[in-house]
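Residues per chain are reported as follows:
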Amino acid sequence: MARPNILFLMTDQQRWDAMGCSGNWVLTKNLDRIANEGVRFSNCVTTTPICIPARVTLQSGLYAHNTHVWNNINFTYPATAQSWMRVIRDLGYRTSLFGKTHLHPHRGDLRLKEDLLHEYGLDDVNEIGGPRASAAVMSHMTNLWNEKGLLEPYREDFRDRFATKPHVVRVSTNPLEYYADVYVGQTAKAYLEEYDFDKPWFCWVSFGGPHEPWDAPEPYASMYKLGDMPQPTRRFSSFNGRPEGWLDFYMERSSPKFDEGDQAAMRANYAGNVTLIDDQIGEILSVIEARGELENTVIAFTSDHGEMNGDADLIYKMNFLDGSVRVPLLMRTPESLKSGQKCVNDSMVENCDIGPTLVELAGGEIEYRQFAKSLLPSMAGPDVVHRESGLSEFRGEFMIATKEWKAAVNREGQVYLLFDRVEDPQECRNLAGNPDFDNVSNTMRAQLLERISCSQLKQPW
């Protein structure tokens, strides 16, 4: 059989439970289909719960403590740095990108950055900024908006949202056909319809949603009833005198004032955006099927980080609670399709593990030093252990999660978050500082130190 084509689907700020197959409150028939034809990894964590460092680790297989990209800083992924996408191109694939990368500062005109993306290993590109950046940067998409008289109303709406109430929910100023996630889906669809190179293709479709603002267009904005939305988790209780960390500061300074119904409205609009994206994915799959290539196409899906959506009275991400740090990860291969047996693997995985997985499926291997790990052995069955723990890092702090426990340490190395993932899956009781759980804290901290010590690198690039 010919080498498989590769479809890499990615969203921005999608929680792990925002799929029908994982949370049962969002309609995602196409993502569910991918899960049913492959493996859903139910315990995937992002390596960093914020955009740029998560995407840098996805691209490089290196953690924030290797790259020193701990936050959304002014950073450009070096053109000469190692990239698994370049490895796939060097294996003879024609590679493409439609949507957001955030591997360089989203300023000015993204069309002038195409040479940089070619260096990363992407032959054909149509890059956009995320929902926030698109109010400022130019791209093929925002140029189209400008031609249609849509750009300035979008900018005015954007300014008003964040000047009034950042979590306000209202319909996008853009009609459905010009909504950013529709633009990404349709440009990728058109590209694959017309693809005629004598090479297998690798296509990265990177949606900017369901990242806030909460502005899904109709008919998706009113698709979900507020009363059907799951209740947000409550803010956790803590042991008196426990160590504190970034999350404590964040909860004190950045907790929004919710009016009655705000959280349900956010979730309903967010769910609408996810379903919109899922419908775009369905159109892309239909094109691949019409080409007669779907059976021999690898499909991978993940997100860079989650969204709190009212959990613990918070919005956005930037913390180690599940709403922020857990993300979906699906892998579907020609072999998993033939087996006809859907699989859910509960082992710990990290979203950066997609890179070496796709390289292996393309017939190659990553020869440079990095710390992502191919998922292929773990696709053999639900009980195959991929990782004993998942690692995440942010602002100089670290989190480690096993199937049973989650612990986070502050910059002083003190455990300030400790959750029993079996008995307390909604993270309502922070056990850090409780002497009854000192042994657990010490064990988790030791495992964390071992993970960090085993993933050291003198020079990242």
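Look up a bit, the structure's there.
Residues numbered from 1 in each chain as written. Predicted model: local features only at pLDDT ≥ 70, side-chain atom pairs only at ≥ 80, totals over all residues. Heavy atoms only, no water.

To continue, consider the overall build of the chain. Summing up its helical and strand segments, the chain has 14 helices and 14 strands in all. Relative to its length of 461 residues, the chain is compact, with a C-alpha radius of gyration of 21 Å against a globular reference of 23 Å. Each principal axis of the C-alpha atoms in the chain carries an extent, and together these give about 65 × 50 × 45 Å. Across the 461 residues in the chain, those meeting the buried criterion constitute 64%. Pairs at least 24 residues apart make up 75% of the contacts formed inside the chain by residues separated by at least 6 positions. (Helix = DSSP H or I, 4+ residues; strand = E, 2+ residues; numbered from the N terminus. Rg over C-alpha atoms; globule rule 2.2 N^0.38 Å. Buried < 20%, exposed > 50% of the residue type's maximum accessible area, 1.4 Å probe, protein only. Contact = heavy atoms within 4.5 Å.)

Here we come to the layout of surface pockets. Reported here for the largest pocket is a volume of approximately 360 Å³. Lining of the largest pocket is provided by 21 residues; of these, C51, I52, N72, H102 and R132 occupy positions nearest its centre. For the second largest pocket, the calculated volume is near 280 Å³. Forming the walls of the second largest pocket are 20 residues, and the residues nearest its centre are R15, W16, T233, D311 and Q426. (1 Å grid on protein atoms, 1.4 Å probe; cavity = no way out; pocket = protein on both sides within 12 Å on 5 of 7 lines; lining within 4 Å. Points joined across faces, edges and corners; volume = space filled by probe spheres on them.)

Take the sheet that holds strand β8 (residues 329-332) next. Across the sheet, which stays open at both edges, the eight strands sit in the order β4-β3-β5-β1-β7-β8-β2-β9 with mixed pairing between neighbours. The open sheet has two edge strands, β4 (124-127) and β9 (343-350), and neither has a second partner. Across this sheet, the average inter-strand angle for adjacent strands is 15°, counted without regard to direction. Running over the sheet, helix α1 (residues 29-36) touches β1 (5-12), β2 (39-45), β7 (297-303) and β8 and is turned about 60° from β8. Across the sheet, helix α10 (residues 262-290) lies against β1, β5 (201-210) and β7, angled at about 160° from β5, the strand it touches most. (Pairing = 2+ DSSP bridges. Axes fitted to C-alpha atoms, helices over the stretch in contact; angles between N-to-C directions.)

It is the contact of helix α8 (residues 180-194) with α10, at a shortest axis distance of 9 Å, that shows an interaxial angle of 5°. As summarised for this structure, α8 and α10 are arranged roughly parallel, according to the angle between their axes. The residues of α10 that touch α8, namely those facing D181, V182, G185, Q186, A188, K189, L192 and E193, are N273, L276, I277, Q280, E283, I284, V287 and I288. For the contact of α8 with α10, the class distribution of residues is eight nonpolar, four polar and four charged. (Parallel < 35°, antiparallel > 145°, perpendicular 65-115°, else oblique. Nonpolar A, V, L, I, M, F, W, Y, C, P; charged D, E, K, R; others polar.)

Our focus in this paragraph is empty space enclosed by the protein. Here the structure, examined in full by the defined rule, presents one cavity of 30 Å³ or more. A volume near 130 Å³ is recorded for the largest cavity. If you trace the largest cavity, you find 18 residues lining it, with P131, Y154, Y179, A180 and D181 closest to the centre. Tallied by class, the residues present in the lining of the largest cavity amount to seven nonpolar, nine polar and two charged.

On to the sheet that holds strand β11 (residues 397-401), then. Judged by pairing direction, the sheet is antiparallel, and its four strands sit side by side in the order β10-β11-β12-β13 without closing on themselves. At either margin of the open sheet sits one strand with a lone partner, and together these are β10 (390-394) and β13 (415-420). Across the sheet, the axes of successive neighbouring strands diverge by a mean angle of 10°, strand direction being ignored. One ladder, built from five bridges, connects β10 with β11; its direction is antiparallel. Opposite L391, over in β11, you have I400 as the bridge partner. Packed on one face of the sheet, helix α9 (residues 246-254) meets β10, β11 and β13 and runs near 90° to β13.

Let's shift gears to the packing of aromatic side chains. Each aromatic ring pair is described using two quantities: the centre-to-centre distance and the angle formed by the ring planes. Overall, the coordinates contain 19 aromatic pairs when judged by the stated rule. With centroids separated by 5.8 Å and ring planes inclined at 15°, the aromatic side chains of F8 and W204 adopt a geometry described as stacked. Here the residue F8 occupies a position in strand β1, and W204 occupies one in strand β5, the gap between them amounting to 196 residues. For the pair F8 and W204, a shared accessibility class is recorded, and that class is buried. Considering the side-chain rings of W145 and Y154, the 4.8 Å spacing of their centres and the 45° angle between planes classify their relative orientation as tilted. By relative accessible area, which is 1% here, W145 ends up buried. Through successive ring pairs, a cluster of aromatic residues spans F8, W84, F202 and W204. A cation sits over an aromatic face here: R94 above F197, 4.2 Å from the ring centre. Sitting over the ring of W246, R395 keeps its end group 4.0 Å from the ring centre. (Phe/Tyr/Trp six-rings, centres within 6.5 Å; stacked < 30°, edge-to-face > 60°. Lys NZ or Arg CZ within 6 Å of the ring centre and 35° of its normal.)

Moving on, we get to the pairing of β5. For β5, the tally of buried residues reaches ten of ten residues, placing the bulk of the element in the interior. The pairing of β1 with β5 spans six bridges and is classified as parallel. From the neighbouring strand, D12 faces β5, where its bridge partner is P210. Across six bridges, the pairing between strand β3 (residues 94-99) and β5 is parallel. Within β5, the position partnered with T95 by the bridge is F202.

A few words now on the nonpolar core. Counting 43 residues, the largest nonpolar core has F8, W84, I88, F202, M331 and L358 as its most contacted members. Setting aside anything within four residues of it in sequence, one finds F8 in contact with L58, W84, M85, F202, C203, W204, V205, A300, T302, I354 and L358. By size, the runner-up hydrophobic cluster in this structure holds 42 residues, among which are L150, A188, L192 and F301. (Core = buried A, V, L, I, M, F, W, Y, C linked by side-chain atoms within 4.5 Å.)

Next up on the list: the environment of T333. Within the element layout of this structure, T333 appears in the loop between β8 and α12 (334-339). As a C-alpha pair, T333 and D383 span 50 residues in sequence and 19 Å in three-dimensional space. If we ignore the near neighbours within four places in the chain, the residues touching T333 are L361 and M379.

Moving on to helix α13 (residues 354-361). It helps to recall that an α-helix has 3.6 residues per turn; residues three or four apart then point in one direction. Across the eight residues that make up α13, a large majority, seven, are buried. Every buried residue of α13 is listed here: I354, G355, P356, T357, L358, V359 and L361. Turning to α13, the residues buried within the fold contact β1, α4 (84-90), β5, β7 and β8. Where α13 terminates, the next one or two residues include G363, which has phi positive at roughly 95°.

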